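So the chains spell out like this:
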Amino acid sequence: MAIEKGVEIAPAQGKLGVLLVGLGAVSTTFIAGVEAVKRGLAEPIGSLTQMGTIRLGKRTENRVPKIKDFVPLAELDDLVFGAWDIFPDSAYEAALQAGVLEKELLVQLKPQLQKIKPMRAVFDQRYVKRLNGTHIKEGKTKMDLAEQLIEEIAEFKRRNRCARMVMIWAASTEVFMKPHPVHRSLQSFEKALKENHKAIAPSMIYAYAALRSGVPFANGAPNLTVDIPALIELANQNGVPICGKDFKTGQTLMKTIIAPGLKSRLLGLHGWYSTNILGNRDGEVLDDPDSFKTKEESKLSVLEYILQPEIYPQLYKDFSHLVRINYYPPRGDNKEGWDNIDIFGWLGYPMQIKINFLCRDSILAAPLVLDLALFLDLAQRAGMKGIQEWLSFYFKSPMTAPELYPEHDLFIQLMKLKNTLRYLRGEELITHLGLEYYD
Ligand SMILES: NC(=O)c1ccc[n+]([C@@H]2O[C@H](COP(=O)([O-])OP(=O)(O)OC[C@H]3O[C@@H](n4cnc5c(N)ncnc54)[C@H](O)[C@@H]3O)[C@@H](O)[C@H]2O)c1
């Protein structure tokens, strides 16, 4: 499909404020990483916006620019970081505490990291039971807290002379919550904010404040947060892009790489058992069954959607799927995941695949935060609003329009993302048909 001229995109001029909710392992690894890359100390490995390319036109044309040269993205030098946390530690102290990056690197970045001091958080222990912080806002109602955040966002923008902003939730996973009637419309949501309704979690207050301020919002955790009709309505009303939920890293990333391959070859699945040991604060929070339930829902849905048991009952009906996370402090951020996959082939003969992934959670998540910040900002400058399904590539539980099922296959997600960029620039969409080369 050829598009005449693409979409008008405002230039990426001026500073882009990146507001992070939570200044823990993921956020500090992201910020320190950007500072290290800016100084030429390291490479932005894992970031599509920094290292990825995009093929344009026919394969014979040899047009393969870098994505960042193809669409106008904010430069790393133009990023300014802000954060909220329930602990007052600066990004330097928080990065040391997270123990992801080596002290030697952090010391070189100390002046930049020490300047980033978190603002007081909107927090309520009923939504994250394993944490107990001191650096917290007070307010009579949840609406009061939202107004304080809105004021802080405006103040941050003024003080740092930002042209534009984005907000990313990289705070702890909240307890499992089902959609509630007060989430159904903006009107009922705002009434509930004023009445301190328990169906409004702190993450929703941040998302509401962002959207009221015209700031795009991404949700890196599996909490409902912005994935409710009231906030989707507000995003559409204010022309703000949103996306989520739950960064796709580690074991789920592997699942969405391997499962599409098994399904392509019509190999059956009896069961998939996944277990993890994890020793960081995220692991500690997820040790609480209510927070784990939120994560579990997000991790479990992936295989069902990719394998489509209703379409392939002989291959995928009733497969067992178990996911466990065990908090094991000695391991820190260096998670270890095991997968045992029981598959079957021709005539039903069984086989097994074992995966032992010694991964580093925040090393996998940091480039996603960078890409999401830059792509959300691009989306806003291109006039896109509401749910950004083309960013499904980054999430375990991608947000979609209510009538759609989410697309989990990593390769389809990447194609969707790149075709969206081609569409924005008026380039031909790539279908991979390729018959024209043989005419
Ligand atoms: N690292 C990954 O690969 C990965 C993948 C998917 C999702 N996530 C999610 O990203 C989030 C961050 O992960 P992490 O490893 O950085 O965790 P972390 O525990 O190191 O950091 C989270 C930070 O959020 C703070 N916090 C909690 N509630 C807050 C609130 N209401 N307002 C402000 N700050 C708050 C905590 O004090 C902590 O400093 C978690 O929800 C995690 O589940 C991480």
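Everything numeric here is computed off the predicted structure, so don't read it as measured data.

**Side note on the overall build of the chain**
Here is step 1: In terms of regular secondary structure, the chain is built from 16 helices and 11 strands.
Here is step 2: The C-alpha atoms of the chain give a radius of gyration of 22 Å, which matches the 22 Å a tight globule of 439 residues would have.
Here is step 3: Viewed in the frame of its principal axes, the chain has a C-alpha envelope of about 65 × 50 × 50 Å.
Here is step 4: Every one of the 439 residues in the chain was classed for burial, and the buried ones make up 46%.
Here is step 5: Long-range pairs, those at least 24 residues apart, make up 77% of the contacts in the chain with a sequence separation of at least 6.

**A short note on the pairing of strand S4 (residues 162-169)**
Here is step 1: Counting buried positions over the 8 residues of S4 gives 7, a clear majority of the element.
Here is step 2: Sheet analysis places strand S1 (residues 15-21) next to S4, joined by 7 bridges and oriented parallel. Within S4, the position partnered with Gly17 by the bridge is Met165.
Here is step 3: In this sheet, strand S5 (residues 217-219) lies alongside S4 in parallel orientation, the contact comprising 3 bridges. From the neighbouring strand, Met167 faces S5, where its bridge partner is Phe217.

**A look at the site of the ligand**
Here is step 1: Around the ligand, the structure places 35 residues, and the nearest of them are Gly22, Gly24, Val26, Ala221 and Arg281.
Here is step 2: Listing elements by their share of the shell around the ligand, those giving two or more residues are helix H1 (25-38), strand S2 (79-85), helix H12 (281-286) and helix H15 (361-381).
Here is step 3: By residue number, the principal contributor to the shell around the ligand is H15, which donates 4 residues.
Here is step 4: A breakdown of the residues in the shell around the ligand according to their chemical character gives 20 nonpolar, 10 polar and 5 charged.
Here is step 5: Two domains share the shell around the ligand, each providing at least three of its residues, namely domain 1 (15-247 + 363-424) and domain 2 (250-358).

**What about the domain arrangement of the chain?**
Here is step 1: Here the chain is described as being made up of domain 1 (15-247 + 363-424) and domain 2 (250-358).
Here is step 2: Of note, the centres of domain 1 and domain 2, computed from C-alpha atoms alone, are 26 Å apart.
Here is step 3: Taken together, the 27 residues of domain 1 in the interface contact 27 residues of domain 2.
Here is step 4: Of the residues belonging to the side of domain 1 that touches domain 2, the class tally is 13 nonpolar, 7 polar and 7 charged.

**Looking at the sheet that holds strand S10 (residues 350-358)**
In a beta sheet, neighbouring strands are held together by backbone hydrogen bonds and run either parallel or antiparallel to one another.
Here is step 1: If you trace the 4 strands from one edge of the open sheet to the other, you get S8-S7-S9-S10, paired in mixed fashion. Edge positions in the sheet fall to strand S8 (320-327) and S10, since each of these pairs with one other strand and no more. Each strand of the sheet is rotated relative to its neighbour by a mean of 10°, with strand direction disregarded.
Here is step 2: With 8 bridges connecting them, strand S7 (residues 268-278) and S8 associate as parallel partners. Opposite Asn276, over in S8, you have Ile325 as the bridge partner.
Here is step 3: Along the sheet face, helix H11 (residues 250-264) touches S7, strand S9 (336-344) and S10 and points at about 20° away from the line of S9.
Here is step 4: Each of S7 and S8 touches helix H13 (residues 289-307); the most contacted strand, S8, lies at about 150° to it.

**Quick look at the sheet that holds strand S11 (residues 386-387)**
Here is step 1: The strand order across the open sheet built from 7 strands is S3-S2-S1-S4-S5-S6-S11, with neighbouring strands paired in parallel fashion. In the strand order of this sheet, the two ends are held by strand S3 (119-120) and S11, each with one partner.
Here is step 2: Seen against the sheet, helix H7 (residues 142-159) touches S1, S2, S3 and S4 and runs at an angle of roughly 145° to S1.

**Some details on unusual backbone geometry**
Here is step 1: Omega for the peptide link from Gly244 to Lys245 comes to -10°, which places this bond in the cis form.
Here is step 2: Relative to the helices and strands, Lys245 is located in the loop between strand S6 (241-243) and H11.
Here is step 3: In this model, Asn62 sits at a positive phi of 50°, which is unusual for a non-glycine residue.
Here is step 4: Within the secondary structure layout, Asn62 lies in the loop between helix H2 (48-51) and helix H3 (67-70).
Here is step 5: The phi dihedral of Asp318 falls on the positive side, at around 60°, and the residue is not glycine.
Here is step 6: Considering the arrangement of structural elements, one finds Asp318 in the loop between helix H14 (313-316) and S8.

**Some details on the environment of Leu193**
Here is step 1: Mapped onto the secondary structure, Leu193 falls in helix H8 (residues 186-194).
Here is step 2: Residue Leu193 is classed as buried on the basis of its 22 C-beta neighbours within 10 Å.
Here is step 3: Between the C-alpha atom of Leu193 and that of Met204, which follows or precedes it by 11 residues, the distance is 9.7 Å.

**Quick look at the UniProt feature "domain: Myo-inositol-1-phosphate synthase GAPDH-like" (unreviewed entry) in the chain**
Here is step 1: Within this structure's numbering, the places UniProt gives as "domain: Myo-inositol-1-phosphate synthase GAPDH-like" (unreviewed entry) are residues 250-362.
Here is step 2: With 41% helix and 33% strand, residues 250-362 has end C-alpha atoms that lie 10 Å from one another.

**Comments concerning the nonpolar core**
Here is step 1: Core analysis: the largest hydrophobic core is formed by 115 residues, its most contacted members being Met167, Ile168, Ile205, Tyr206, Leu231, Val369 and Leu372.
Here is step 2: Broken down by element, this core gets its largest block of residues, 12 residues, from H15.
Here is step 3: When residues are assigned to domains, this core turns out to be shared by domain 1 (15-247 + 363-424) and domain 2 (250-358), each giving three or more.
Here is step 4: Apart from the residues lying within four places of it in its own chain, the contact partners of Leu231 are Met204, Ala207, Tyr208, Leu211 and Val226.
Here is step 5: If you look at the next biggest cluster of nonpolar residues, it comprises 11 residues, including Leu262, Leu269, Val302 and Leu307.

**Focus on the packing of helix H9 (residues 202-212) against helix H10 (residues 229-238)**
Here is step 1: Close contact between H9 and H10 brings their axes to 9 Å; oriented N to C, the two are set at 15°. Between H9 and H10, the angle falls in the class roughly parallel. Pair H9 / H10 crosses with left-handed handedness. Residues Met204, Ala207, Tyr208 and Leu211 of H9 form the contact with H10, whose participating residues are Leu231, Leu234, Ala235 and Asn238.
Here is step 2: A breakdown of the residues in the contact of H9 with H10 according to their chemical character gives 7 nonpolar, 1 polar and no charged.

Rules and cut-offs
- Residues numbered from 1 in each chain as written.
- Predicted model: local features only at pLDDT ≥ 70, side-chain atom pairs only at ≥ 80, totals over all residues.
- Helix = DSSP H or I, 4+ residues; strand = E, 2+ residues; numbered from the N terminus.
- Rg over C-alpha atoms; globule rule 2.2 N^0.38 Å.
- Buried ≥ 20, exposed ≤ 12 C-beta atoms within 10 Å, placed from the backbone.
- Contact = placed C-beta atoms within 7 Å.
- Pairing = 2+ DSSP bridges.
- Near = placed C-beta within 6 Å.
- Nonpolar A, V, L, I, M, F, W, Y, C, P; charged D, E, K, R; others polar.
- Domains from an automatic or database assignment.
- Axes fitted to C-alpha atoms, helices over the stretch in contact; angles between N-to-C directions.
- UniProt positions renumbered as here; feature names shortened; annotations may be inferred.
- Core = buried A, V, L, I, M, F, W, Y, C linked by C-beta atoms within 7 Å.
- Parallel < 35°, antiparallel > 145°, perpendicular 65-115°, else oblique.
- Left-handed = near helix turned anticlockwise from the far one by under 90°.

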